[in-house]
Structure formats: structure tokens, C-alpha cells
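Here is how the chains run, residue by residue.
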Amino acid sequence: MTGYILKRIVSAIPVLLGISIIVFLIMAMIPGDPATAILGSYATPENVAKLNSDLGLDKPLVQRYFIWLGNMLQGDFGRSFSLNREVLEEVQDRFGATLVLAGTAFVLCSLLGVAAGVVSASRQYGLADKLITFVVLLGISIPSFFIGMMMILIFAVNLRWFPVSGMWPIYGARDFSALISHLTLPALALTVVATGVIARLSRSAMLEVLRQDFIRTARAKGVSEHGVIWRHALRAAMVSIIPILGIQAGFVLSGAVYIEIVFQWPGIGRMLVDAILKRDILLVQGGVVFVAACYVLFNIAVDVAQSLLDPRIKA
Amino acid sequence: MMGFILLLARNRLALGGLIVMSLVVGLALLSPLLPLADPDVTDTANRFKLPFSDGTLLGTDHLGRDLAGRLMSGTRLSLAVGFAAAIAAATIGSAIGIVAGFYGGRTDNIIMRGVDMLMAFPYILLALAIVAALGPGLLNALIAVAAVNIPFFARNIRGITVGIAHKEFVDAARLSGMTNTRIILSEVLPNVVPVIVIAMSTTVGWMILETAGLSFLGLGSQPPQADLGSMLGEARSALITNPHTSLVPGAMILIIVMAINLLGDGVRDALDPRLKSGALSRPMPTTMVNRAGPIPPASDDALLAVRDLQTQFHIRDRIYKAVDGVDLQVRPGECLGIIGESGSGKSVTALSIMGLVASPPGVITGGAVHYKGQDLIGAPYETLRKLRGDRVAYIFQDPLATLHPLYTVGDQLIEAMQAHHRVSKSDARTKAIELLKSVRIPNAEIRIDIYPHEMSGGMRQRVGIAMALANDPEVIIADEPTTALDVTVQAQILSLLDELRRDRGLAIIFITHDFGVVAQLCDRVAVMYAGRIVEEGSTEAILNAPAHPYTARLMDCVPELGQGQRKLAAIPGLPPMVDDLPTGCAFADRCDRSSAACRASDISLKKITSHHRVRCILPVPFLQEVAQ
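As the structure is a computational prediction, the values presented were derived from the model and not from experiment.

**Student:** Just checking my understanding: could you explain the overall build of chain A for this structure?
**Tutor:** Summing up its helical and strand segments, chain A has 12 helices and two strands in all. The helix and strand sequence of chain A, counted from the amino end, reads α-α-α-α-β-β-α-α-α-α-α-α-α-α. The C-alpha extent of chain A, read off along each of the three principal axes, is 85 × 55 × 35 Å. Split into buried and exposed, the 315 residues of chain A put 43% on the buried side. Counting only contacts in chain A whose residues sit at least 6 apart along the sequence, the fraction spanning at least 24 positions is 71%.

**Student:** Please clarify how the interface of chain A and chain B should be interpreted in this entry.
**Tutor:** Many descriptions give the size of an interface as the accessible area lost when the pieces come together. Listed per partner, the contact involves 60 residues of chain A and 60 residues of chain B. Residue assignment for the side of chain A that touches chain B shows that the elements contributing at least two residues are α1 (2-28), α6 (127-141), α7 (144-158), α8 (176-210), α9 (213-220), α10 (225-262), α11 (268-277) and α12 (281-309) of chain A. Element by element, the count of residues in the side of chain A that touches chain B is highest for α10 of chain A, at 10 residues. Tallied by class, residues from the side of chain A that touches chain B come to 42 nonpolar, nine polar and nine charged.

**Student:** Would you take a moment to explain helix α19 (residues 487-504) of chain B for this structure?
**Tutor:** Residues lying three or four places apart along an α-helix face the same way, a consequence of the helix completing one turn every 3.6 residues. All names here are of chain B. Its 18 residues place the ends of α19 25 Å apart at the C-alpha level, agreeing with the 26 Å of an ideal helix rising 1.5 Å per residue. Looking at the buried positions of α19, the neighbouring elements they touch are β4 (335-339), α18 (457-469), β9 (507-512) and α20 (515-521). Downstream of α19 by a residue or two, G505 has a phi angle that is positive, lying close to 65 degrees.

**Student:** How should the nonpolar core be read in this particular structure?
**Tutor:** Where a protein is soluble and globular, its nonpolar side chains tend to be buried together. Core analysis: the largest hydrophobic core is formed by 269 residues, its most contacted members being V252 of chain A together with A127 and A129 of chain B. With 20 residues, the single largest contributor to this core is α10 of chain A. Excluding residues that lie within four positions of it along the chain, A129 of chain B makes contacts with V23, I26, V284 and V288 of chain A.

**Student:** When you look at the packing of α9 of chain A against α10 of chain A in this model, what are you seeing that I'm missing?
**Tutor:** Angle between the axes and distance between the axes: these two values describe a pair of packed helices. All names here are of chain A. The interhelical angle for the contact between α9 and α10, taken along N-to-C directions, is 140 degrees, at an axis separation of 10 Å. Considering the angle they form, α9 stands oblique to α10. Of the two elements, α9 crosses α10, and the hand of that crossing is right-handed. When α9 is examined against α10, the residues F214, I215, A218 and R219 are found in contact with a partner set consisting of V228, H232 and A233.

**Student:** Explain the pairing of β9 of chain B to me, please; I cannot follow it from the model alone.
**Tutor:** For a regular strand, side chains alternate in direction, first toward one face of the sheet and then toward the other. Residues and elements named next belong to chain B. Most of β9 sits inside the fold, with six of its six residues counted as buried. Side chains of β9 alternate between two faces, with A507, I509 and I511 and I508, F510 and T512 buried alike. Here β4 pairs with β9 via five bridges, running parallel. When the bridges of β9 are listed, C335 appears paired with I508.

**Student:** Sorry if this is basic, but what is going on with unusual backbone geometry here?
**Tutor:** Among all residues save glycine, negative phi is the norm, and among peptide bonds the norm is trans. All names here are of chain B. In this model, P223 is joined to P224 through a cis peptide bond whose omega is 5 degrees. Positionally, P224 belongs in the loop between α8 (180-216) and α9 (228-235). Backbone geometry at R440 places phi at a positive 60 degrees, although glycine is not the residue there. By secondary structure assignment, the location of R440 is in the loop between α16 (425-438) and α17 (444-447). Classification of R440 by C-beta neighbours within 10 Å gives exposed; the count is 12. Phi is positive for A530, close to 50 degrees, though the residue is something other than glycine. Tracing the backbone through its elements, the reader meets A530 in the loop between β10 (524-529) and β11 (532-538).

**Student:** Honestly, the environment of A218 of chain A in this entry has me stumped. Any pointers?
**Tutor:** All names here are of chain A. Summarising the element assignment, A218 is placed in helix α9. Counting along the chain gives 13 residues from A218 to R231, while the straight-line C-alpha distance between them is 9.9 Å. Sequence-distant contacts of A218, that is, excluding residues within four places in its chain, are made with V223, V228 and H232.

**Student:** Quick question: what am I supposed to make of α10 of chain A here?
**Tutor:** In this model, α10 of chain A (38 residues) spans only 44 Å end to end at C-alpha, well below the 56 Å of a helix rising 1.5 Å per residue. Along its length, α10 of chain A reaches its greatest deviation from straightness, about 45 degrees, at V239 of chain A, and the proline P243 of chain A lies no more than four positions downstream.

**Student:** Looking at this structure, I do not really get the sheet that holds strand β7 (residues 392-395) of chain B. What am I missing?
**Tutor:** Sheet strands associate in pairs through backbone hydrogen bonding, adopting either a parallel or an antiparallel arrangement. Residues and elements named next belong to chain B. An order of β7-β8-β9-β4-β10-β11-β13-β12 is seen for the eight strands of this open sheet, with the pairing classed as mixed. Each edge of the sheet is formed by a strand with only one pairing partner; in this case those strands are β7 and β12 (606-609). Geometrically, the sheet is characterised by an average inter-axis angle of 20 degrees between neighbouring strands, direction not taken into account.

**Student:** Help me understand the packing of α1 of chain A against α12 of chain A in this model?
**Tutor:** All names here are of chain A. Closest axis-to-axis distance for the α1/α12 pair is 10 Å, and the angle between their directions is 155 degrees. The angle between the axes of α1 and α12 places the two elements in the roughly antiparallel class. Helix-helix and strand crossings are classified by hand; for α1 and α12 the assignment is right-handed. In this structure, α1 uses Y4, I5, R8, I9, A12, V15, L16, I19, S20, V23 and M27 to contact α12, whose residues at the interface are I281, Q285, V288, V289, A292, A293, V296, I300, D303, V304 and S307. Partitioned by chemical class, the residues of the contact of α1 with α12 number 17 nonpolar, three polar and two charged.

What counts, and where the lines are drawn
- Residues numbered from 1 in each chain as written.
- Chains lettered and ligands numbered in written order.
- Predicted model: local features only at pLDDT ≥ 70, side-chain atom pairs only at ≥ 80, totals over all residues.
- Helix = DSSP H or I, 4+ residues; strand = E, 2+ residues; numbered from the N terminus.
- Buried ≥ 20, exposed ≤ 12 C-beta atoms within 10 Å, placed from the backbone.
- Contact = placed C-beta atoms within 7 Å.
- Nonpolar A, V, L, I, M, F, W, Y, C, P; charged D, E, K, R; others polar.
- Expected span 1.5 Å × (residues − 1).
- Core = buried A, V, L, I, M, F, W, Y, C linked by C-beta atoms within 7 Å.
- Axes fitted to C-alpha atoms, helices over the stretch in contact; angles between N-to-C directions.
- Parallel < 35°, antiparallel > 145°, perpendicular 65-115°, else oblique.
- Left-handed = near helix turned anticlockwise from the far one by under 90°.
- Pairing = 2+ DSSP bridges.
- Bend = angle between axes of the 7 residues up to and from the residue.

Quick look at the structure:
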């Protein structure tokens with residue numbers, strides 16, 4: 001098992017390098033001169049040239065990439081000019097908040113989505129199936145930011161059950177219950193779409209498995225229908241559901257950007273959008289690479305979970 | 001193509017999606033001709049008018065602009081950008097996929113590595129990075145959305161192309177000297193287009209959402225130009241005071257994307273061959289029962305008796321009569337063989353007994369199965385469940401597919417016991433080891449903890465037998481349990497079953513297509529053809545003097561050791577399709593003894609000796625056979 005985990009981690013290295021190259025190349029496409037962007041259009045040519053050489057922007061592309069990569073590996077992601085703060089510090093602070101939001105939503109959508117898919121498949125064409133299918137269709141067709149806005153309108157403004165926005169109360173204790181009450185609406189809004197997708201794919205994974213011969217064997221043994229669905233079919237279907245969960249984690253992370261904007265959640269998505277609008281390239285670059293790397297590591301965890309579940313995957 | 005449209009039209013939800021979509025597109029295209037106010041004219045004196053007030057249809061926004069007009073122009077923009085992104089992503093992605101799949105080798109490797117890299121991103125990061133580089137703007141948002149969807153198309157289309165690139169018609173085109181470009185355009189492309197269409201129809205909605213999202217963040221369309229996403233983004237600051245300005249564009253996005261998704265599902269279903277055959281429907285816990293005729297009474301003292309059983313498969317408009325009036329019975333300690341070609345209905349008969357025929361499409365339409373006098377057809381699910389595996393157990397063919405791949409052999413044996421009896425896990429485990437030993441699995445204590453894929457075929461088959469024996473059943477129904485095995489293993493398993501029958505008084509129904517197995521194990525044998533029993537009697541009588549021409553021909557197909565120069569006579573023709581059976585004898589078309597009378601009317605199963613019945617008006621004469 002340890003061998004398998006090590007192997008997966010080693011195989012992630014080229015992926016991480018590839019990601020850094022892609023991000024670097026995209027950022028290198030930027031038209032115009034970053035030094036001018038930083039100093040403003042009234043800067044003197046001498047100052048621009050000096051900043052360019054200070055930033056190392058006068059060096060060739062390949063050399064710049066390796067300098068950037070080397071610095072990143074030493075934990076130096078550069079300094080954000082709009083915030084006047086180390087990029088890595090800002091990214092870590094913000095990513096923590098995103099992790100709380102996206103992590104909660106991911107756990108919720110995995111549980112709800114798989115459960116809905118299983119119930120839907122085991123009552124195929126029944127009332128529960130039709131109801132779930134309709135709700136799922138609604139869920140995957142509605143923009144998450146629109147759901148978020150409607151939730152604010154109904155549950156925060158009209159019913160006053162939850163606060164309108166933010167992660168913590170402005171005044172008062174920053175305790176767990178305060179977090180939960182701030183977290184509920186954004187987490188639910190973020191859960192809807194992914195739940196729909198997971199429910200859909202879990203349903204078809206279950207239908208695929210329910211036709212297999214070993215399900216007939218379980219029935220021929222006299223296993224109860226409950227056991228057939230939840231022990232036999234779901235266990236086998238999880239083999240194809242788990243990679244779906246891994247992919248959906250990326251979608252939850254993506255959706256978090258919108259939800260963070262709608263709910264003023266101090267996460268990394270909001271930071272990235274602000275950074276783009278302020279043309280703070282180092283902050284964008286650092287944030288993207290950091291989140292992408294975390295996502296790759298998360299997918300290694302998914303693969304390991306998969307190998308624990310399926311003895312046919314040889315370590 | 002016509003069939004595709006019909007299928008699509010039959011799907012009411014998809015049709016609804018199509019209608020809504022046409023309405024939205026039509027409205028958006030025609031809106032410049034409609035008497036709507038200019039969407040960009042501001043009138044700050046009339047801000048935040050409510051819908052249907054003061055001559056406005058949907059009210060006005062924070063700058064007093066007419067919402068109805070803005071909604072239409074925004075819809076036009078959103079649809080245009082969404083579809084443009086989808087077409088761009090599909091074209092570029094498919095081109096990459098086709099090139100990678102067609103050329104294979106190193107080209108494929110390099111391209112797919114790159115695609116994998118792009119897919120390692122959460123999509124929004126890539127989109128944000130691209131917008132960050134190109135700067136905010138609707139065109140740049142379009143490029144970003146198209147770019148993040150390229151890998152999806154590339155990967156899907158590559159998979160299909162790899163399959164096509166090795167087909168014979170592509171080889172033929174190569175041999176005829178066509179250039180690669182021409183082969184791709186004339187041979188490969190037409191075959192991948194349906195897949196591209198499916199992939200597009202299921203992603204267009206998503207791409208409209210994504211572009212709306214980027215605009216919502218302020219990274220897409222820039223004022224005064226507004227698509228639905230930026231309308232929603234601008235309305236957000238007035239969400240609490242004037243929610244209608246948010247509701248209007250939000251609801252429109254929902255309507256559009258939902259219609260597209262319904263339509264996309266319809267397109268996918270219409271193009272997916274698996275859905276047509278009903279292969280994606282889930283088998284119910286018991287076979288559906290819909291008996292029209294009278295239910296035969298329990299007659300004699302048999303342990304298990306099948307009476308006039310009729311099982312059909314209802315697939316779309318066709319009815320396949322897989323089993324059409326079969327009678328069988330077994331007593332304790334007796335072994336009954338059922339023999340016949342593939343598709344003769346022998347497995348369906350066996351599965352019908354405990355309601356294990358997959359349904360849909362299977363339906364039991366008549367007859368009865370009496371177990372100790374109780375009718376099992378149409379019995380409540382719980383009654384059947386309690387008998388399954390406890391009193392009547394099955395052994396299936398191909399144990400790699402019939403054992404659960406993710407549970408150990410021991411867990412599956414223990415579960416078989418615990419499904420019926422309250423036994424502790426450790427007691428059940430002890431019994432499971434005993435069972436494995438009784439089917440002569442060496443090192444049972446170790447093997448109990450391994451998975452089915454770690455065993456050989458013969459071992460797995462023994463596990464299947466051990467599982468059937470777990471609760472000391474009275475009847476075992478074995479469906480070709482030795483077909484996949486080599487001869488020595490087969491002989492061991494047969495003698496094992498024979499021993500169990502003698503020791504435990506087990507009744508066995510043994511399904512096979514092998515006369516050798518019948519001779520070794522069975523007391524009586526029933527020969528099935530096209531869903532009916534054509535001959536039935538003691539093994540001795542039938543093996544010595546087959547009376548039905550089909551049985552006789554079937555036995556002629558068996559090579560015998562030491563019989564020298566005899567020609568092996570295959571039976572000409574194929575068994576008839578059971579959805580369109582001829583009147584009279586179903587074998588008549590393949591029979592060299594048939595006459596007009598054979599096809600005139602139904603032929604009944606007639607007794608020829610006390611132990612021998614046959615469904616034939618011109619049975620093979622006993623004496624003639626002996627004379628040969």
C-alpha cells in the first residue's frame with residue numbers, strides 16, 4: 001500500500017510541472033508590460049526599465065520560468081503589489097476559508113448525491129425516481145450564483161434564519177456556532193449543482209451494476225433487497241462513483257468562486273477575481289498554482305481510496 | 001435520421017425542451033422587430049419599476065433601462081456566446097482527438113499527456129488564468145470557456161477514433177492508397193459525428209452557464225453591453241431592495257439551460273443503442289407475473305414441480321416466448337437433466353422457478369411452480385426470498401461474473417448463511433471453512449480470505465457450489481456449472497454433485513448441452529427446443545433410443561471414442577426466433593422427416609412407453625435405430 005501511494009505521488013510530479021508550465025505560459029501571453037501596469041502609465045521609461053530588470057523580466061522566457069519555479073519551491077511566490085503582502089501568506093489564509101466552504105459542500109454533495117442516485121436507481125421509473133430526476137435536472141440547470149442570491153433573499157433577508165454574508169460575525173465571538181450559521185447558506189448553494197451531477201452519474205452507475213450476474217447471485221442466495229442494493233450493488237458501483245467524486249471536487253472548488261462572491265466569503269476565489277480585476281498577476285499566478293497543486297494531491301487521495309475499495313487494483 | 005427524429009419526438013420531455021428552446025431562440029432573434037424599448041437607453045427617473053407597471057413589461061433596472069428589452073438582447077448574446085463556445089470547443093477538441101486517435105503512437109501520447117495536464121485543473125482556474133492574461137471581455141470569456149472544454153471533447157473523440165482507426169474499412173481505404181487526410185475526412189469523421197453531437201448537446205447548457213458565470217464575476221461582457229450573466233451581476237447590489245431585477249435574468253438562464261438539458265438528454269437517449277434495447281433498466285427483485293389463463297393445481301407428490309410454465313420477454317412491441325408451456329418435476333435424491341441448444345429456454349425455465357428472470361423485460365405469463373404443494377409463481381417477495389438459497393439454491397455458469405468481485409469468498413459464504421439463519425460471524429466462518437473443504441478446496445482456511453479474481457475457474461466454481469450448499473437446501477438448480485471448465489475439473493465437480501445427491505438426498509435440476517454430463521449424472525432428462533420440451537424420459541431410454549428427430553440429431557453431433565469413421569452430423573439451419581414461431585413443430589424446417597402434417601397444428605407431448613414421452617407425430621422408430 002505504501003508503495004502504491006509513493007508511486008502515485010511520484011507520478012504526480014510531471015503533472016505538477018505541467019501545470020506550472022501551463023500557468024506560466026498563459027501569464028507570459030499577457031500583452032503589454034507588467035512594469036508599466038505596476039507603475040502606471042505615467043512612469044518614466046527609466047523607471048520601467050529598472051523595474052523590469054529588478055523583476056527579472058528582461059531575461060529569456062525559459063530562464064524566467066526556472067527562476068519562478070525555483071523560487072516557488074523555496075516557498076517564495078512573490079509579493080502581491082495590490083495587497084503589499086507575500087502571495088503565499090495571502091493564498092494560505094484565503095485557501096483555508098475556501099477549504100471550509102468547499103469541503104463542507106463536497107461532503108454534503110457526495111452523501112446526498114450518492115444516496116439520491118441509489119434511491120433513484122432502485123426505484124427506477126417509480127415516483128421517487130421521477131421526483132429525484134426532476135430535482136436533479138433543476139439542480140444542474142440553475143446557476144449556483146443565482147441559487148445563492150435567491151437563498152439570501154429568502155432565508156437571510158425575509159426569514160432572517162441566517163446571516164446575509166461573510167464568514168464571521170462583525171461583532172461577537174468567532175466560535176463554531178457562528179461559523180455554522182454563516183456557512184449553512186453558501187455551503188448549501190454550492191452543494192446543489194454537484195449533488196445533481198453526482199446523483200445522475202450514481203444512478204447510471206447503479207443501473208449498470210444492477211444488471212450484473214453477481215446481483216442475480218445475491219438474489220438467488222436470498223439476500224434481502226436492501227442488502228442487494230446497499231451492500232452488493234452500491235459497493236460495486238462505488239468503483240465508478242469514486243472517480244466521479246474526484247472530478248466533482250474540482251467542480252465544487254470552481255463553483256466556490258461564484259459562491260464566495262455572492263456571500264462575501266473571504267476565500268481564494270474572491271481573491272483571484274479581485275486580483276484579475278486589479279491585474280495583480282503574481283497573485284493570480286500563485287493562487288492558481290497553489291490550488292491546482294492541492295487538487296492534484298486530493299486526486300491522489302481519491303486514487304488511494306479507490307485502491308482500498310477495489311482489491312483488483314494491484315498496489 | 002427519420003428514426004432518430006421519431007425517437008426524439010417520442011420523448012415528451014425532450015420535445016418540451018425543444019419547444020421551449022425554439023420559443024426562446026425565436027423570441028431572441030425576432031426581438032429587434034418587436035416593439036420593445038431600447039435596452040441601452042437609461043432613464044434614471046424611472047429606476048426599479050416593477051414588472052407590469054407603467055407600460056413596461058418586466059419593469060426597469062437600476063439605471064431605468066427597460067428589462068424586457070435588456071432580457072431579449074442579453075438572451076441573444078448569451079445564446080450566441082454559449083453556442084459559439086460549444087462549437088469552438090467541439091471543433092478544436094474533436095480535431096485534436098481525431099488526430100491523436102488516428103495516428104496513435106507518440107503523437108497520441110504527447111497530445112493526451114497535454115490533455116491530461118489541462119484536465120488536472122479545476123476548470124475555473126484555467127478559465128480565470130486565461131481571462132487574467134487576455135483581460136476581461138466577452139470575447140475573452142468565450143475563448144476561456146471554449147479552451148477549458150477542449151480537453152473533454154479531445155478525450156471523448158480520441159476514444160471513439162481509436163476504435164474506428166483499426167476497423168476493416170479504414171484498412172481498406174489505406175490499401176486503396178487514400179491519403180490520411182482523406183481517410184480522416186471520408187471514413188473517420190462521419191463515424192464520430194454522432195458522438196460529437198451527443199457530447200455537444202450535453203455540454204452546451206453547461207457552457208452557457210460558464211460564460212454567464214464569468215460575466216457575472218465582471219470578467220465577461222463589459223457595460224453597456226450585457227448578457228444574462230452580467231445583468232445578474234449588476235442586479236446583485238440591488239438584490240435586497242429590488243429582487244425582480246435579479247429574478248428576471250436568473251429565471252431566463254434557468255429556463256434556457258433546463259430546456260437545453262432536456263433536449264440534450266433526449267438526443268443522447270435517441271442515439272444511445274443501449275437504451276433502445278432496454279438494457280439499462282434495472283431488474284426487479286422478482287420476475288413480473290401476469291398470468292392470464294387458469295393456474296394449474298398442485299397434482300402429485302413431487303418436491304418441485306413446474307406446470308405449464310410460460311415465460312416471455314416483452315421488448316418494445318415484440319414478444320419472445322422463451323418458455324412456452326414447460327412441465328418438469330423432481331423428487332428428493334433425483335437428478336433431472338435439461339438439455340438443449342443455446343436459446344432453447346432451458347436457463348429461463350430454471351430462473352423462472354425462483355422468480356430470477358430479469359424483469360423488465362421478462363414476464364411469467366402462465367403456469368405454476370409448486371414447491372411442496374405451494375405455488376411460487378406470484379408468491380409474495382418475502383416468501384420467495386426465504387426459499388431462495390435456503391431450500392432452493394442455484395449454481396450459475398461463469399463464476400467470475402457471478403461472484404461479487406469486491407468481497408472475499410468467505411464473506412460471500414457467510415452472507416449466504418446469515419441471510420437465512422441467526423448465526424454468529426465466527427460460527428458461520430467455521431461452517432464456511434467446512435463447506436470449502438467439502439467441495440475439496442485445499443487450504444480452505446487460507447483460501448476463505450481471498451477474492452474471487454485470485455482463484456482459478458475450477459476453484460471459483462467450487463465456491464459457487466459451496467455457496468449453494470451453505471444452508472443444506474433440498475433442491476439445487478445448476479445452470480451449466482461445468483461448461484467453462486476443462487474436462488478433469490468437470491469430472492471432479494460432477495462426481496462431487498453426485499455424491500451430495502446420494503448423501504444428502506438432494507434433488508438436482510441440471511442444465512447442460514452436453515450428453516456426456518447427462519449420462520454421468522442424471523436419472524431423467526428433458527430435451528428442450530424453442531421454449532418447449534420435445535422429449536422427456538429416463539436417461540437410459542433417451543440415450544439408447546431417442547424418439548424425437550431433434551434429440552437423435554443432437555446425439556449424432558457428439559463424437560464418440562472408438563467409433564471410427566462415423567461422420568459428425570451437424571444440424572443444418574438455426575433454431576427459430578422465439579418471437580415468431582411457426583405453427584406446429586418448431587423443428588420442422590430443420591428436420592429431414594417433416595411433412596405437411598408437422599406444420600398443420602400444435603403437437604402434444606405423447607407417451608410412447610411408461611418412461612418416455614415425445615412431441616412428434618413421426619418419432620424415430622426404435623427398431624430402425626437398433627438395426628443400424
